[in-house]
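Structural description and commentary
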Amino acid sequence: MNAPLKEREQALMGIGESRLRKEDARFIQGKGNYVDDVKMPGMLHMDIVRSPLAHARIKRINKEAALAMPGVHAVLTADDLKPLKLHWMPTLAGDVQAVLADEKVVFQMQEVAIVIADDRYIAADAVEAVEVEYEELPVVINPFDALKPDAPVIREDLAGKTEGAHGARTHHNHIFTWEAGDKSSADAAFANAPVTVKQDMFYPRVHPCPLETCGCVASFDPVRGELTTYITSQAPHVVRTVVSMLSGIPESKVRIISPDIGGGFGNKVGVYPGYVCAIVASIVLGRPVKWVEDRIENLSSTAFARDYHMSGELAATPDGKITGLRVEVVADHGAFDACADPTKFPAGMFHIVSGSYDIPAAHCSVKGVYTNKAPGGVAYRCSFRVTEAVYLIERMVDVLAQKLGIDKAEIRARNFIRKDQFPYTSAFGFEYDSGDYHTALQKVLDAVDYKALRAEQAAKRADPNSPTLMGIGLVTFTEVVGAGPSKMCDILGVGMFDSCEIRVHPTGSAIARMGTITQGQGHQTTYAQIIATELGIPSEVIQVEEGDTSTAPYGLGTYGSRSTPVAGAAIALAARKIHAKARKIAAHLLEVAEGDLEWEVDRFKVRGDDSRFKTMKDISWAAYNQPPEGLEPGLEAVHYYDPPNFTYPFGIYLCVVDIDKATGETKIRRFYALDDCGTRINPMIIDGQIHGGLTEGFAVAMGQLLSFDEQGNIQGNSLMDYFVPTAVETPKWETDYTVTPSPHHPLGAKGVAESPHVGSIPTFTSAIVDALSHLGVTHVDMPHTAYRTWKELKRLGVAQ
Amino acid sequence: MSKKLVSMTINGNKVEEAVEPRTLLIHFLREKLNLTGAHIGCETSHCGACTVDIDGESVKSCTCLAVQCEGADIKTVEGLASGGVLHAVQEGFYKEHGLQCGFCTPGMLMRAYRLLQENPDPTEEEIRVGMSGNLCRCTGYQNIVKAVQYASRKLREPATDTVAA
């Protein structure tokens, strides 16, 4: 029992250990349980009739031919949902969205009717047999055109509504104008500034494209009046609340289960019409109904990300000290405002746009606009528009550096919030918890030998025969994650806390149930490690369960890097409640005062006496058969954690590219990513998350784009066209870290999985622009495909 | 729709079923035989989540009809482990953290299984090219490459230690 301390610690596999994943055994043997694997007796299949047009009035829908097909059980349209008041649904952003198109369609691939059939083949045949007659209406796909006085009216249902969920509406296609910071002080900074720069940039519409598409299996039991739904959701508890509100079924009779999720990346936060339709169909037919979208439906209709037209300005002194920031954004939200943001923040956390820099005066304004495109606006592997914000500020700092002829590393160091300034309140009101940017930057510059890289670049530029242009990208970003303090952040009125329930069993093993849901992050592995360290129970005997609203405590789910910052804290604090009770039991068993005990890895021992101790295993048993008088039996705790603040992870990323002068092809020679996520719980999983986030960032920067023609036809909505990199294109990543714990988080952890996506995207653009900067280029919009880069080279006279 | 009788060997078991001629192999495996390891990610042969091994070749089962597999010898992820022991590629993905959400994993494993028979000692570049028919959104492939290298080493120099299934 008295094994050396180190051995006992290692036996726990707690915080800091690269513990192999507990999830893997089922996934590597084909025993995962994803939504499409769910099969129920009597289950029917749903498919969706979608609009081929982006804007049209529905003249007539003829279901007859479809209904006549053997194996077809129902064809439902908006008119069928009307009596149930389910033809429209509220969105997370305070707007409403048509569940099935009500009198007109407003984007291509919009849901028009549903077909329920015996199997997916018959359902697909029946979709073809539903006849819909349309009258075409003028289409507007550009948000600037949408704001013209004579622009087509996209949302007739909002006629005369001059007040939206986020203030006044000034035009029939205007959703909101949201501002942060102080305009007058920002304007004053610009009025007196010796140096100013301005840059327009477009962050194109992209899609998270997880490998598993969205879907659900809805099963309404008409006898019990209970609804069970398996669903691809990153926030099952919120879905339960929404479903109860929409259907009128008491929340206690709604059970939402997020089983294994095949990647989310923001795509699976929203509530989509397909889910609602499957649930309605199950209620109407009294049988389980499965709906799983295909890839084209996924890319076309269930959410999108970004689509921000941004304009940034910096004011500065001649030596590069930034004195003011102004940002204006026109945000294309598509035909319904279904952005997934905390309710009070229609542009999410975009006001983190002052970045890692000490900027005394700043203002931003975001104008949301309707167009004839799919709704969505999800946080694609980021915390609510942080990606857009980081992109803008990092590009602007580069632009300023270029104008002043100051090196881009040097200008950053001059403007960083210094270590001694934390906690630091930004001009936008965020209170940054901790950071040490200078140390991290220097570590990266040393690791890559930045000076040598610049010398090599100068030599290449001087050599007219060099076949390539060399570019060095540098980004020094700060994220705001872990939403969030419920006084600021809520979803549909529910505060964004998160929760954990831990039960320690008599024989010393434990189960933890959480309000979050893993989609590949490895919660079952890492959450157990936190409990192992807190309670001295080996992580191997700690089960972690999430995703079933009937067993797990209410939580807001997993997105915005909130699992570790919020749920991770809930785990630690639930464990500490158990720890406190265990101490009482140990004192009772050892017949000493609580104050005479000290905690050591997995046991309480009498201070100064190694021979008198009770292990957590001993205490667990005692909790169920001989608790001290006055103490209730059992050993469990629940904790709902409402964070006092966000967390602010940061990183320093450097990328070296070589662009072929003749073809525009870009080779990522090197990518060095240093992340600081505070306390590191499982380094192996952190590295894996960073590799994945960097690869998604690479995809966005170098190729992803959902584009539309003038008629609103979506282009590139299959994997034939939409860029998902293979192992061949994907660069090799070098990772590094520093550790600056969060002072307000019980474990000091900050969250990590989104940083690499947020931080890498502007790094690639920074590198591409850097390669062209000696030719006077200050910015190039994404995606940096070979064709687009070649066009730029041709414009510059570099390529033929 | 009239059905056609097909027979094939799947993971060593003889299977005989009546299927509609239009039934895709992936639906036959997943819905008829409850072999849900192989997944559907795109239905256009791009993502490789549905990859299975048919007569010694990696095949994307979303673009292959069940009736085309008459008489075929098929292996799916469910048949990889044997005798209660994980196959080296499974062990490699586990040990090298070659998976996250797990959705692409069965396809990746089946491709790696075949790749290492086509080329038992591939270079990193050969692994990247050899696995390029399979998409992963989570890992960035770096640890998948390591996992295949691990399996390659293990298959060439079988160690005594194994990981139980």
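As the structure is a prediction and not an experimental result, all values here were calculated from the model.

With that settled, the discussion passes to the overall build of chain A. Looking only at helices and strands, chain A features 20 helices and 36 strands. Radius of gyration (C-alpha) of chain A: 28 Å, near the 28 Å computed for a compact globule of 800 residues. Within chain A, the fraction of its 800 residues that count as buried is 65%. Residue pairs at least 24 apart in sequence account for 80% of intrachain contacts in chain A once pairs closer than 6 positions are excluded. A total of about 26500 Å² of accessible surface is found on chain A, and carbon and sulfur atoms cover 52% of it.

All names here are of chain A. Here five strands make up an open sheet; going across it, the order is 11-19-18-17-12 and the pairing mixed. Across the chains shown, the open sheet's two edge strands, defined by having one partner strand only, are strand 11 (174–181) and strand 12 (195–206). The sheet shows a mean angle of 10 degrees between the axes of neighbouring strands, taken without regard to direction. Inspection of the sheet shows strand 12 paired to strand 17 (residues 305–316) by 11 bridges, in the antiparallel sense. Along strand 17, the bridge assignment pairs Arg205 with Arg306. Where helix 7 (residues 183–191) meets the sheet, its contacts fall on strand 11, strand 12, strand 17, strand 18 (322–332) and strand 19 (361–369), and the angle it forms with strand 18 comes to roughly 120 degrees.

Here we come to the sheet that holds strand 32 (residues 650–660) of chain A. Residue and element names in this part refer to chain A. The strand order across the open sheet formed by four strands is 22-32-33-36, and the pairing between neighbours is mixed. Each having just a single partner strand, strand 22 (468–478) and strand 36 (734–737) make up the two edges of the open sheet. Adjacent strand axes in the sheet meet at a mean angle of 15 degrees when their direction is disregarded. Sheet topology note: the strand 32/strand 33 (residues 666–676) ladder contains 10 bridges and is antiparallel. Its bridge partner being in strand 33, Ile659 is matched across the sheet by Thr666. Across the face of the sheet, helix 14 (residues 450–462) comes into contact with strand 22, strand 32 and strand 33 while running at roughly 145 degrees to strand 22.

The next point concerns the packing of aromatic side chains. Centre-to-centre distance and the angle between the planes together describe a pair of aromatic rings. Residues and elements named next belong to chain A. Tallied over the entire structure, the rule returns 26 aromatic pairs over all chains. Here the aromatic rings of Tyr275 and Trp291 are separated by 5.8 Å at their centres, their planes lie at 75 degrees, and the arrangement is edge-to-face. Of this pair, Tyr275 sits in helix 9 (residues 273–285) while Trp291 sits in strand 16 (residues 289–292), and the two are 16 residues apart along the sequence. Here Tyr275 matches Trp291 in class, with each residue buried. Ring-pair connections join several aromatic residues into one group, and the members of that group are Phe477, Tyr653, Phe671, Phe698, Phe723, Trp733 and Phe764. Sitting above the plane of the Phe27 ring, Arg26 keeps its charged end 4.7 Å from the centroid. The lysine or arginine in question, Arg603, covers the ring of Phe613, its NZ or CZ lying 4.3 Å from the ring centre.

Residues and elements named next belong to chain A. Two strands pair when backbone bridges link them, and strand 14 (residues 226–231) and strand 15 (residues 254–257) are joined in this way by four bridges, in the parallel orientation. Bridging from a neighbouring strand, Thr229 pairs with Ile256 of strand 15. Handedness of the crossover joining strand 14 and strand 15 through helix 8 (residues 236–247): right-handed.

Quick look at the pattern of salt bridges now. What the rule picks out here adds up to 78 salt bridges over all chains. Linking Arg111 of chain B and Glu118 of chain B is a salt bridge whose minimum nitrogen-to-oxygen distance equals 3.0 Å. The exposure class assigned to Arg111 of chain B is buried, which follows from its relative accessible area of 12%. Glu118 of chain B gets classed as partly exposed once you look at its relative accessible area, which sits at 48%. Residues joined in a network through salt bridges with shared partners are Glu394, Arg395, Asp398, Asp407, Lys408, Arg412, Arg454 and Asp770 of chain A.

The next thing to look at is the domain arrangement of chain B. All names here are of chain B. We note that the domain assignment places domain 1 (4–79) and domain 2 (88–156) within chain B. Put simply, the middle of domain 1 and the middle of domain 2, counted by C-alpha atoms, are 21 Å apart. Facing the 19 residues of domain 1 at the interface are 13 residues of domain 2. Both sides of the domain 1 and domain 2 interface together cover about 1200 Å² of buried area, and 59% of this is carbon and sulfur. Where domain 1 packs against domain 2, one counts one salt bridge. In this structure, the salt-bridge partner of Asp53 is Arg114, at a minimum N-O distance of 2.7 Å. For the pair domain 1 and domain 2, the interface holds eight residue pairs in polar contact (both at pLDDT 80 or more). Elements with a contribution of two residues or more to the side of domain 1 that touches domain 2: strand 3 (51–54) and strand 4 (57–60). Residues of the side of domain 1 that touches domain 2, tallied by class, amount to six nonpolar, nine polar and four charged.

The next subject is the domain arrangement of chain A. All names here are of chain A. In terms of domains, chain A is made up of domain 1 (5–32 + 498–641) and domain 2 (416–420 + 433–479 + 646–800). The centre of domain 1, based on its C-alpha atoms, is set 39 Å off from the matching centre of domain 2. Taken residue by residue, the interface counts 27 residues in domain 1 and 19 residues in domain 2. Carbon and sulfur atoms make up 63% of the surface buried where domain 1 meets domain 2, a total of about 1500 Å² over both sides. At the boundary of domain 1 and domain 2, one finds zero salt bridges. Counting every contact that joins domain 1 to domain 2 gives 10 residue pairs in polar contact (both at pLDDT 80 or more).

Nonpolar side chains in soluble globular proteins tend to end up buried together. Counting 220 residues, the largest nonpolar core has Phe350, Val353 and Leu654 of chain A together with Phe93 of chain B as the members making the most contacts within it. Among the elements that line this core, the one with the most residues is helix 11 (residues 386–404) of chain A, at 11 residues. Formed by 45 residues, the second largest nonpolar core is a distinct cluster that contains Ala575, Ala587, Ala623 and Leu747 of chain A.

Another aspect to go through is the packing of helix 16 (residues 563–590) of chain A against helix 17 (residues 616–625) of chain A. All names here are of chain A. It is at 9 Å that the axes of helix 16 and helix 17 come closest, and there the two elements cross at 85 degrees. Comparing the axis directions of helix 16 and helix 17 gives the class roughly perpendicular. Residues Ile578, Ala582, Ile585, Ala586 and Leu589 of helix 16 pack against Met616, Ile619, Ala622 and Ala623 of helix 17.

A word on the side chain of Asp433 of chain A. All names here are of chain A. Examined against the element boundaries, Asp433 turns out to sit in the loop between strand 21 (431–432) and helix 13 (437–448). Among the polar contacts made by the side chain of Asp433, one reaches the side chain of Ser742 at a distance of 2.8 Å. Side chain to side chain, Asp433 and Lys750 meet in a polar contact 3.4 Å long. Look past the residues within four positions of Asp433 in its chain and what remains in contact with it is Phe422, Pro423, Phe646, Thr647, Tyr648, Ser742, Pro743, His744 and Lys750.

Conventions adopted
Residues numbered from 1 in each chain as written. Chains lettered and ligands numbered in written order. Predicted model: local features only at pLDDT ≥ 70, side-chain atom pairs only at ≥ 80, totals over all residues. Heavy atoms only, no water. Helix = DSSP H or I, 4+ residues; strand = E, 2+ residues; numbered from the N terminus. Rg over C-alpha atoms; globule rule 2.2 N^0.38 Å. Buried < 20%, exposed > 50% of the residue type's maximum accessible area, 1.4 Å probe, protein only. Contact = heavy atoms within 4.5 Å. Areas by Shrake-Rupley, 256 points an atom, 1.4 Å probe, with all protein chains shown as cover. Pairing = 2+ DSSP bridges. Axes fitted to C-alpha atoms, helices over the stretch in contact; angles between N-to-C directions. Phe/Tyr/Trp six-rings, centres within 6.5 Å; stacked < 30°, edge-to-face > 60°. Lys NZ or Arg CZ within 6 Å of the ring centre and 35° of its normal. Right-handed = clockwise from strand over helix to strand, strands pointing away. Salt bridge = Lys/Arg side-chain N within 4 Å of Asp/Glu carboxyl O. Domains from an automatic or database assignment. Buried area = accessible area lost by both parts, 1.4 Å probe. Polar contact = N/O pair within 3.5 Å; in protein donor to acceptor, adjacent residues only side chain to side chain. Nonpolar A, V, L, I, M, F, W, Y, C, P; charged D, E, K, R; others polar. Core = buried A, V, L, I, M, F, W, Y, C linked by side-chain atoms within 4.5 Å. Parallel < 35°, antiparallel > 145°, perpendicular 65-115°, else oblique.

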